[in-house]
Amino acid sequence: MSGFTVIEAGTAPGLPTPATPKNVPHRGGDANPSAEALKAQFGAAIARVDVVWGETNVTIDSARALDIVRWLHDDPSQSYEYLSDVTAVEFRDRGMPIEMIWHLRSIKYRRFLRLKAPLATGQPLKISSVWSVYKSADWLERECYDMFGIVFEGHPDLRRILLWEQYAEGFPLRKDFPLRGRFSRAEQLRQALAANPEARYSMEELSIADAFQELPLDMRARIRGGESTGE
Amino acid sequence: MATKRTIEVELSTTGLGADGKPQRIPLVSGDTGGLALQAPPALEPELEGEHMLINIGPQHPATHGVLRLVLELDGETVVRCIPHIGYLHCGFEKIGEYRQYNQIIPWTDRDDYLNCIGNNIAFAMGAEKLFGIEITPRCTVLRVVGMELSRIASHLVWMGTTGIDIGAFTPFLWSFQERENIYNLFEGWVGARLTTSASRVGGMAADIPDGWLDGLKAFVRTFPKTLSECDRMLTRNSIWVGRTVGLGVMNPEEALNYGLSGPMLRASGVDYDLRKDFPYLDYETYDFEVPVGVHGDVYDRYLVRMEEMRQSVRIIEQAIARLPDGPVNVDDPRVILPPKHKATSEMESMIHHFKNVMEGPRPAIGESYVAVEAPKGEKGYYMVSDGTAKPVRWRIRPPSFVNLSAIPKMVEGHLLSDVIAINASIDIVMGEIDR
């Protein structure tokens, strides 16, 4: 049984030997070459490029996010094969927009790039999903939706991931969400005790295996009547 | 100097192939090419097509924590897998926004609780980036020792528990005995065994005590022996091989696209290690090799992790040889507390201590993402500072979370009993996944 051909990192010609960065300045320094390439390719969609602590931040237009990410992934001169992280940042200053963050890595060129897309304030939080480019975005975007309420258009299965589907207190990582939660401890306890422990499967899961017909009659009636399942 | 190499164990149980190399054992008999991807023919044809829903977890010993898998089965073959996570969600990232940088370090113990010192150090590295601090040479070497020790400890737990999942009990006892030695070393260094909180912004909680290095040397001397005993127990064991070869295969392109990292990615044939490709803590000056598998199955993940432990021992040996004298903490009054005897005798030092603890050090406005090669993969801490003593956003990039997200892809088409082996091979820690 023959094995796969190994993909080597840093195969692009002329790359320097990797070394631990030392005495990195707060602002300035060499930007990732991809930033210039992005400016040349996308022009006005690239709002700003800055280098903070040696990491290149490229601020992009949120409407073009998917195009830009796809180009970075597909273009052989960029070759960002690896999506490290998808997350968002909300600032304490309420006037500042929520920023979407993507951390991309190019294995071939040994590059690290941070893309930022500010989401327009006062409008529904929406951005296109990069799942069609990177499968790793699946759970990362679900978590971002779960924590911030950002809707990823084009995501195949956008639902809560860490919190349960009936979680009603909102989006925990938003700055207007209090540390202890929106509901009182008594209300949280009441809801936990009122949850239906026998309905442990989602309707989707019940339907895939025709298990719905095997449920007790009263439970079938409750689920048909619109009661949400326990998970 | 060859720094990276492909590992492949020659199994003596089958004959030589056409190219003269020993062949790997095919998992199922017949002409399926060694892959268990096809379901065996149904014994009772009238039951064909009837699917069953089965639930594993969240309280199941083989899910390594509170993971819940809902499986749709056709006979014994998994048709579909829906993972459910979040049973351990504690809101670490939210709490981090209400804590000073040094106060977050105990939370990093609790995300991946098998790799505590590694997480502590990774977080401190991120915070030091925000403060613009360069740590001392002694601290750099000590951190490498801490990181590699916790890598060994984490891989030992992986090997032991995976052995139990697949039916080998003895390696569990041997590996936990060695892990105990590592935890004794941690206890001697920082006073805690599991939740170490070993690092501080700008240094470590403590320098190593006198005689500690002797204990470390003894461990480095005796551990490879235990490791080779486990190796003899498992690597050519026909039950082990039969239950791991050809399972959960991810090819290199898929592995990259699904965001796998660490041993999972390298077992799939991607020669990529953050210690080599985006080095930190002067890892580029150590002589070690990165094992890379070429089959992307559970067995190759096992081989990669075994070899990583040996390489970690090599790194620790080199670190012991080069450990310089000098202070372990930087001389930076912004983040480092004055010595205790001064804080209790001088007014200025006491004020300094008080302000540092109560108000906390304030980094410049900016952000930093520091990723280290944790035992599970790329562990990243992303911090955004608005100039106050508490981060605006503290994000954990959990390797287990992203690795686990590929489990439906890996288990679908395999047998139910193989789900346990594949799940074990991901090396998940639910504390890190749910945070």
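Residues numbered from 1 in each chain as written. Chains lettered and ligands numbered in written order. Predicted model: local features only at pLDDT ≥ 70, side-chain atom pairs only at ≥ 80, totals over all residues.

Topic: the overall build of chain A
Here is the rule: Secondary structure is summarised from DSSP: a helix means a run of H or I of at least four residues, a strand means a run of E of at least two, and numbering begins at the N terminus for each. Any residue pair is listed as a contact if its two C-beta atoms, each placed from the backbone, are within 7 Å.
Secondary structure summary: chain A contains six helices and eight strands in total. Helices (α) and strands (β) of chain A occur, in sequence order from the N terminus, as β-α-β-β-α-β-β-β-β-α-β-α-α-α. Taking contacts inside chain A between residues at least 6 apart in sequence as the whole, the part at least 24 apart equals 53%.

Thoughts on the interface of chain B and chain A
Rules: When residues are grouped by polarity, Ala, Val, Leu, Ile, Met, Phe, Trp, Tyr, Cys and Pro land in nonpolar, Asp, Glu, Lys and Arg in charged, and all others, Gly among them, in polar. The pairing criterion is simple: DSSP has to find at least two bridges between the two strands.
Counting residues at the interface gives 63 residues for chain B and 51 residues for chain A. Across the side of chain B that touches chain A, the residue classes break down as 25 nonpolar, 19 polar and 19 charged. Across two bridges, the pairing between strand S1 (residues 7-8) of chain A and strand S7 (residues 270-271) of chain B is parallel. Bridge pairing links A:Ile7 to B:Val270 in S7(B).

Details of helix H2 (residues 101-111) of chain B
For clarity, the threshold we go by: To assign burial, the other C-beta atoms lying within 10 Å of each residue's own C-beta are counted, with C-beta atoms placed from the backbone; 20 or more indicates buried, 12 or fewer indicates exposed, and intermediate counts indicate partly exposed.
The element H2(B) is extensively covered by neighbouring structure, given that eight of its 11 residues are classed as buried. Within H2(B), the full set of buried residues consists of B:Tyr101, B:Asn102, B:Ile104, B:Ile105, B:Trp107, B:Thr108, B:Asp109 and B:Asp111.

Some details on the environment of A:Ser132
All names here are of chain A. With respect to the element layout, Ser132 can be found in the loop between strand S7 (126-128) and helix H3 (137-148). Among the residues examined, Ser132 registers 14 C-beta atoms within 10 Å and is labelled partly exposed. Along the primary structure Ser132 and Leu72 are separated by 60 residues, whereas in three dimensions their C-alpha atoms are 13 Å apart.

Examining the packing of helix H3 (residues 116-131) of chain B against helix H4 (residues 137-166) of chain B
Residues and elements named next belong to chain B. Note the threshold: Simply put, an axis is a line fit to the C-alpha atoms, just over the touching stretch for a helix, and the angle between two N-to-C directions goes from 0 to 180 degrees. Oblique is the label for every angle not falling under 35 degrees (roughly parallel), over 145 degrees (roughly antiparallel), or within 65 to 115 degrees (roughly perpendicular). In this scheme the handedness of a crossing depends on how the near helix is turned from the far one: anticlockwise by less than a right angle means left-handed, clockwise means right-handed.
Put simply, H3 and H4 touch, their axes get as near as 7 Å, and they point 140° apart. Taken together, H3 and H4 sit at an angle that is classed as oblique. Crossing hand, H3 versus H4: left-handed. Residue-level contacts link Cys116, Ile117, Gly118 and Ile121 of H3 to Arg143, Gly146, Met147, Leu149, Ser150 and Arg151 of H4. Taken together, the residues that form the contact of H3 with H4 break down as five nonpolar, three polar and two charged.

Structural notes on the confidence of the model for chain B
Residue and element names in this part refer to chain B. What counts here: For every residue, the predictor assigns a confidence score, pLDDT, that lies between 0 and 100.
Taken residue by residue, chain B gives an average pLDDT of 85. The fraction at 70 or more is 89%. Every residue in residues 25-39 is under pLDDT 50, and counting partners more than four places away or in other chains gives 27 contacts. Reported confidences for the modelled complex are a pTM of 0.86 and an ipTM of 0.84.

Some remarks on the sheet that holds strand S3 (residues 68-74) of chain B
Residues and elements named next belong to chain B. Spatially, three strands are ordered S2-S3-S4 in an open sheet, and the strand pairing comes out antiparallel. At either end of the open sheet lies a strand with only one pairing partner, and these are strand S2 (51-56) and strand S4 (77-84). Taking the axes of each pair of neighbouring strands and ignoring which way they run, one obtains an average angle of 20° across the sheet. Across seven bridges, the pairing between S3 and S4 is antiparallel. When the sheet's bridge partners are listed, Leu73 is paired in S4 with Val78. Of the strands in this sheet, S3 and S4 are in contact with helix H16 (residues 416-426), which crosses S3 at around 150°.

Quick look at unusual backbone geometry
All names here are of chain A. At Trp53, a position not held by glycine, the phi torsion is positive, near 50°. Mapped onto the fold, Trp53 is located in the loop between strand S2 (46-52) and strand S3 (55-60). A positive phi angle, near 50°, is found at Arg110, a position not held by glycine. Following the sequence through the fold, Arg110 ends up in the loop between strand S5 (99-106) and strand S6 (111-118).

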